[in-house]
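# Descriptive analysis of the structure
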Amino acid sequence: MLELVAHRGYARRFPENTLAALEGAVAAGARYVEIDVQLTADAVPILFHDRDCRRLCGMPGAIGDYDLAQVAAFGLSWPEGTGAGRAPVPLARVADLAAFLAAHPAVTAFVEIKREAVQRFGAMPVARAVHALLKPVLAQTVPISFSRKALVAARTLWPAIGLVTTRYRDFRARGTASLAPEYHFCDARGLPQRGPLGHQGTTLVVYEIDDAAQARALEARGVRFVETFAFAELTSALKVTGA
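Residues numbered from 1 in each chain as written. Predicted model: local features only at pLDDT ≥ 70, side-chain atom pairs only at ≥ 80, totals over all residues. Heavy atoms only, no water.

### Observations concerning the pairing of strand 4 (residues 108–113)
Two faces make up the sheet, and in a regular strand the side chains alternate between them. When you tally the buried positions in strand 4, you get six out of six residues, the bulk of the element. Neither face of strand 4 is exposed, since T108, F110 and E112 on one face and A109, V111 and I113 on the opposite face are all buried. When strand 2 (residues 32–39) meets strand 4, the two strands line up parallel, connected through six bridges. Paired with V37 across the two strands is I113, which belongs to strand 4. The sheet contact formed by strand 4 and strand 5 (residues 141–145) spans four bridges and is parallel. What sits directly across from A109, in strand 5, is T141. (Buried < 20%, exposed > 50% of the residue type's maximum accessible area, 1.4 Å probe, protein only. Helix = DSSP H or I, 4+ residues; strand = E, 2+ residues; numbered from the N terminus. Pairing = 2+ DSSP bridges.)

### Some points on unusual backbone geometry
For the bond from Y207 to E208, the omega torsion is -15°, close enough to zero to count as cis. Position of E208 among the secondary structure elements: in the loop between strand 8 (203–207) and helix 9 (212–220). Of note, R8 is a non-glycine position whose phi angle comes to about 60°, a positive value. Following the sequence through the fold, R8 ends up in the loop between strand 1 (3–7) and helix 1 (19–27).

### A word on the pairing of strand 2
Of all eight residues making up strand 2, eight are buried, and the element is well covered by its neighbours. Across three bridges, the pairing between strand 2 and strand 3 (residues 45–47) is antiparallel. Counted as the bridge partner of Q38 is I46 from strand 3. Hairpin remark: strand 2 followed by strand 3, antiparallel, with five residues in the connecting loop; positive phi at A43, about 65°.

### Points about the pattern of salt bridges
Enumeration according to the criterion identifies 16 salt bridges in this entry. Its salt-bridge partner being R8, residue E16 comes within 3.2 Å of it at the nearest N-O pair. For E16, a relative accessible area of 10% gives the class buried. When the shortest N-O distance is used, the salt bridge between R51 and E116 registers 3.4 Å. Residue R51 is located in the loop between strand 3 and helix 2 (54–57), and its partner E116 is located in helix 5 (residues 115–121); the two are separated by 65 residues in the primary sequence. Judged by relative accessible area, which is 54%, R51 ranks as exposed. Under the relative-accessibility criterion, E116 is labelled buried at 17%. Connected through salt bridges with shared partners, the residues R8, E16, D36, D50, R55, E112 and K114 form a single ionic network. (Salt bridge = Lys/Arg side-chain N within 4 Å of Asp/Glu carboxyl O.)

### What about the nonpolar core?
Within the largest apolar cluster, 60 residues are counted, with the highest numbers of intra-cluster contacts made by L97 and L134. Setting aside residues no more than four positions away along its own chain, L97 makes contact with L22, I35, L47, A109, V111 and L134. Grouped together as the second largest cluster of nonpolar side chains are 12 residues, V5, Y32, V164 and Y207 included. (Core = buried A, V, L, I, M, F, W, Y, C linked by side-chain atoms within 4.5 Å. Contact = heavy atoms within 4.5 Å.)

Encoded structure:
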């Protein structure tokens, strides 16, 4: 049976990486969510995806160029077609994520440590800052990253980690075997066109999937987890096809 991971929360209907998106995902039945983490200029871990602030906040520069007091004034707009008359939503901190998980003990969060944070602050300082805030709910969290440096650091602090790649074959890159990641998040566009999918001892999670037929085809090849912005819509479509 397929498991769905709510990508940046329920991002199709709520501002991504916010508490509203996480609550919306859980209300729609999500047991797994994925969020992105960067650090503010004063090293506060915050939920944010993009390299710069323009798309999400209409501001110049990167999130790491602003301190927490400045970021607190930012607001994330609602996705097109969903936010008429609704006020922008504030950014969430990793501390807020910890409180959310404590209130939802059945939910697991995949926490992507962004490369931008690692490049600016260093892998171990970022991993330790995030770990310190998530320690009360550590069993509900799995750090994931494109950055192998981040995962080397995270491996010393978490029982499970996940590698993120754009191409399936990159899982075999030098250094992955020593990491022994429990999860591999891979872009659907980087998968081989045919044949079974998966790695022994590692759970494959394929992103970004919003089509039930595509999800079913991946399931037939051995995939058990798919990541989606459209959590409720894909859940409903899969039920129609017999999930």
